[in-house]
Amino acid sequence: MQKKVTPEITKQTRFLPDALLYQPNYSPWLAEDSDFSRLKQQIESFTLVSSDRLWTLHSLAQHAKQSLLNYLKSN
């Protein structure tokens with residue numbers, strides 16, 4: 001289980017959307033209200049892959065799906 005780090009909201013970051021996901025780098029897999037978090041909860045007990053790598057795989061799958069749909073629409 002990954003240790004959650006609570007980032008500081010500073011003067012510079014308070015205007016960023018999802019400022020809590022920056023700690024110090026952008027970490028979108030930490031968002032608790034996303035499609036990915038719901039998917040992760042469903043498969044968490046079946047995988048040994050870390051959250052950041054799962055997010056990368058999920059993101060790549062979404063892009064591949066969209067590319068395929070765009071290709072099919074164009075033909």
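Reading the values: the criteria
Residue numbers here run from 1 along each chain, matching the order of that chain's written sequence. Per-residue local features are limited, in this predicted model, to residues with pLDDT of at least 70; the limit for side-chain atom pairs, both in listing and counting, is 80 or more; totals at the level of whole chains, interfaces and linings are taken over all residues. Processing note: side-chain calculations cover all non-hydrogen atoms of the structure and skip hydrogens and water entirely. When a residue's accessible area, from a 1.4 Å probe over protein chains only, is under 20% of the maximum for its type it is buried; when over 50% it is exposed; and in between it is partly exposed. Each helix is a run of H or I in the DSSP string that is no shorter than four residues. Each strand is a run of E no shorter than two, and both are numbered from the N terminus. It is the directions from the helix axis to the C-beta atoms whose arc is reported. For this analysis, residues touch if any pair of their heavy atoms sits within 4.5 Å. In this analysis, a patch consists of residues with relative accessible area above 30% that form no salt bridge, clustered at 9 Å for like charges and at 5 Å for the nonpolar side chains Val, Leu, Ile, Met, Phe, Trp and Tyr. The accessible surface values rely on the Shrake-Rupley method and a 1.4 Å probe; as for residues, cover is taken only from the protein chains in view. Here, a salt bridge means any side-chain nitrogen of Lys or Arg that lies within 4 Å of a carboxyl oxygen of Asp or Glu.

Caption draft 1: Quick look at helix H1 (residues 35-43). Listing the buried residues of H1 in full gives Phe36, Ser37 and Lys40. Projected down its long axis, H1 carries its buried residues within an arc of 95°, all on one side. With respect to the buried face of H1, the exposed residues turned more than 90 degrees away are Asp35, Gln41 and Gln42. Each element contacted by the buried residues of H1 is listed here: helix H2 (51-74).

Caption draft 2: Region of interest: a nonpolar patch on the surface. Taken together, the side chains of Leu68, Leu69, Tyr71 and Leu72 present a nonpolar region at the surface, about 410 Å² in accessible area. Looking at the secondary structure, you find leucine 68 in helix H2. Owing to a relative accessible area of 49%, leucine 68 belongs among the partly exposed residues under this scheme.

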